Amino acid sequence: MRIHLISPTHYLRDGSLHKTTRYWTSGITLPYLKALTPPPHEVTFTDELMADLDLARVERDADVVGLTAMGPQIRRAYDLADHFRARGKQVVLGGTWVSLVPEESLRHADAVVAGEAEYVWQDVLADLAAGRARGIYRAERWHDLANLPAIDWWTLPLLKADAFRASWLYRLYFFWPVFFSRGCPHPCEYCAVQTYYNRSFRTRPVDDVIEDVRQLRALGARRLLFLDDNPIARPEEAKELFRRLIPCRMQWVSQTTINVARDPELLDLVARSGARILSVGFESLSEESLASVAKSFNRPSRFQEDIAKLRARGIQVIALIMVGLDGDTPETFAATLRWLEENKIAFLKLFTPAPYPGTKFHADMLAAGRLLDGDWGHYDYGSPVVRPLHMTTEQMLDGFQYVYSGFYSVRSMLRRFVPPPRRNLLETLAMVVANAKVNGYLRRNPTAWGTIS
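Colleague: I'd like to hear about a positive patch on the surface, residue by residue, with values.
Modeller: On the surface, a cluster of positive charge is made up of Arg 22, Lys 160, Lys 437, Arg 443 and Arg 444. By the secondary structure assignment, Lys 437 is in helix α19 (residues 425–444). According to the relative accessible area criterion, Lys 437 is exposed, its value standing at 53%.

See below:
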């Protein structure tokens, strides 16, 4: 069969498609699924964030269309699935969102992969080739992550290969994606990851990860993005990885919990192995808000000390903050902006609550009658889809914009980047440039708050 895989983009509020011409990293799902596909099937793919989807070509050439989606992408994924099915194509849906609502997703597809693909993808293709499908395909066990098929790194959908080969600036800009683990053991009730994986957590053999790194280094890569949701969930295994990574002389970024700053040996290895930027899910400065979503382990009273330890090692911090949780009030916003500036946070991703279906957070908000919007395309982390407890939705959005505009103002940038940390000055300069770009983007697009998240 001829299979075309698609990672759709999402709709903007005017119905147009969100697009970009350049992105700083790439997902690996599409080339990985291609690597999983047995011969003699043929696989092509499109990431719609950068590339335009050639509908006519897919309609003409493909026997099977596969779509993977999460968050606001799901509305576009369902529309494309319906489009291709109406034209006689067999359609497969997969990904986090689809896995959390497989029965709903099956209304738009011939087959749904719920969960990981390794143990079921060949069965899906064999059934479709035989003209049948059993609907929802779910593996009976998690994969041990050993001996995974190798992807062709040059086919990463958001990589501009010619630019990487020709431009030192692009080589500085692009972070090559790798992964060490899947899942997260923490109980955060809003999180689709722990729901998807049933709070399980696994790591790849360190030898396999280091082999990926060696291959990428041979291509000229020096900067990595660990795609993990929580690479330090098992600290001793993480320490082994970082020890092995030190002689590779790479630079890397990832997201992690703030616990990375609370284990001195782990933090030392993280810094020595090349960590430059960490995205940390602080979520809130309110103990009550954190307790409301089962993230009390975060302990805001320690945040200032934690951030200082990271910055002392030359690691810049991207803060992930949710506004509108149950401990928040209209006074929360000014306090949040002040805290971000005082702690010299390098970059901010701000979120309104967007409870994914299948999570406990979604079930609780539904039971309380607090869900305001059933259009999955609006679950973009910048829209009011949950009624706040201690403020109006208008106050929440006003506060959301107040924090964003204040954080990315020239005044705030001066407060946060002067004086710079003593180590890794190039990374600090990159963060200043990124802040300036967001400042310009928001001035040109004053209603686009949610799209930066």
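Colleague: Can you lay out the side chain of Thr 257 for me, pointing to particular residues and giving the numbers?
Modeller: In this fold, Thr 257 is placed in the loop between β11 (251–256) and α12 (264–272). Given the relative accessible area of 11%, Thr 257 is considered buried. With sequence-adjacent residues up to four places away left out, Thr 257 is seen in contact with His 186, Asn 230, Ile 232, Val 280 and Phe 297.

Colleague: Could you give an account of the sheet that holds strand β7 (residues 176–178), with specific residues and numbers?
Modeller: The parallel open sheet is built from six strands, whose spatial order is β7-β10-β11-β12-β13-β14. Each edge of the open sheet is held by one strand with a lone partner, namely β7 and β14 (347–351). Sheet twist, expressed as the mean angle between neighbouring strand axes with direction ignored, is 20°. Pairing of strand β12 (residues 275–283) with strand β13 (residues 316–322) involves six bridges; the strand directions are parallel.

Colleague: Lay out empty space enclosed by the protein with the relevant residues and their values.
Modeller: For the structure on display, the rule yields one cavity of 30 Å³ or more. Quantified by volume, the largest cavity comes out at close to 30 Å³. What lines the largest cavity is Gly 324, Leu 325, Asp 326, Pro 353, Phe 361, Met 365, Arg 370 and Val 386. In terms of residue class, the lining of the largest cavity is built from five nonpolar, one polar and two charged.

Colleague: Quick one: what's the story with the environment of Gly 95, residue by residue and with numbers?
Modeller: Tracing the backbone shows Gly 95 in the loop between β4 (90–94) and α4 (96–100). Judged by relative accessible area, which is 18%, Gly 95 ranks as buried. With 66 residues separating them in the primary sequence, Gly 95 and Thr 29 have C-alpha atoms 9.3 Å apart. Beyond its immediate stretch of four places on either side in the chain, Gly 95 contacts Thr 68, Ala 69, Val 113 and Tyr 196.

Colleague: How would you summarise the environment of Asn 435 if you had to cite specific residues and measurements?
Modeller: Its location among the elements puts Asn 435 in helix α19. Ignoring sequence-local partners within four residues, the contact set of Asn 435 consists of Ala 346, Phe 347, Phe 407, Tyr 408, Met 413, Arg 416 and Phe 417. A polar side-chain atom of Asn 435 sits 2.8 Å from the main-chain carbonyl oxygen of Ala 346.

Colleague: Go over the pattern of salt bridges with me, naming the residues and quoting the values.
Modeller: Scanning all chains against the criterion turns up 32 salt bridges. Measuring nitrogen to oxygen at the nearest pair gives 3.3 Å for the salt bridge that ties Lys 309 to Glu 305. A residue pair is termed a helical-turn pair when its members lie 3 or 4 positions apart in one helix, as Lys 309 and Glu 305 do in helix α14 (residues 303–312) at four residues. Judged by its relative accessible area of 30%, Lys 309 is partly exposed. Salt-bridge contacts for Glu 341 lead to Arg 415; the nearest nitrogen and oxygen are separated by 2.9 Å. Taken together, the positions of Glu 341 in helix α15 (residues 332–342) and Arg 415 in helix α18 (residues 410–417) put the pair 74 residues apart, joining distant regions of the chain. Residue class for Glu 341 comes out buried when judged on its relative accessible area of 5%. On the accessibility criterion, Arg 415 (41% relative accessible area) is partly exposed.

Reading guide: rules and limits
- Residues numbered from 1 in each chain as written.
- Predicted model: local features only at pLDDT ≥ 70, side-chain atom pairs only at ≥ 80, totals over all residues.
- Heavy atoms only, no water.
- Patch = residues over 30% accessible without salt bridge, like charges linked within 9 Å, V, L, I, M, F, W, Y side chains within 5 Å.
- Areas by Shrake-Rupley, 256 points an atom, 1.4 Å probe, with all protein chains shown as cover.
- Salt bridge = Lys/Arg side-chain N within 4 Å of Asp/Glu carboxyl O.
- Lys, Arg positive; Asp, Glu negative; His and termini not counted.
- Charge placed at Lys NZ, Arg CZ, Asp CG, Glu CD.
- Helix = DSSP H or I, 4+ residues; strand = E, 2+ residues; numbered from the N terminus.
- Buried < 20%, exposed > 50% of the residue type's maximum accessible area, 1.4 Å probe, protein only.
- Contact = heavy atoms within 4.5 Å.
- Pairing = 2+ DSSP bridges.
- Axes fitted to C-alpha atoms, helices over the stretch in contact; angles between N-to-C directions.
- 1 Å grid on protein atoms, 1.4 Å probe; cavity = no way out; pocket = protein on both sides within 12 Å on 5 of 7 lines; lining within 4 Å.
- Points joined across faces, edges and corners; volume = space filled by probe spheres on them.
- Nonpolar A, V, L, I, M, F, W, Y, C, P; charged D, E, K, R; others polar.
- Polar contact = N/O pair within 3.5 Å; in protein donor to acceptor, adjacent residues only side chain to side chain.

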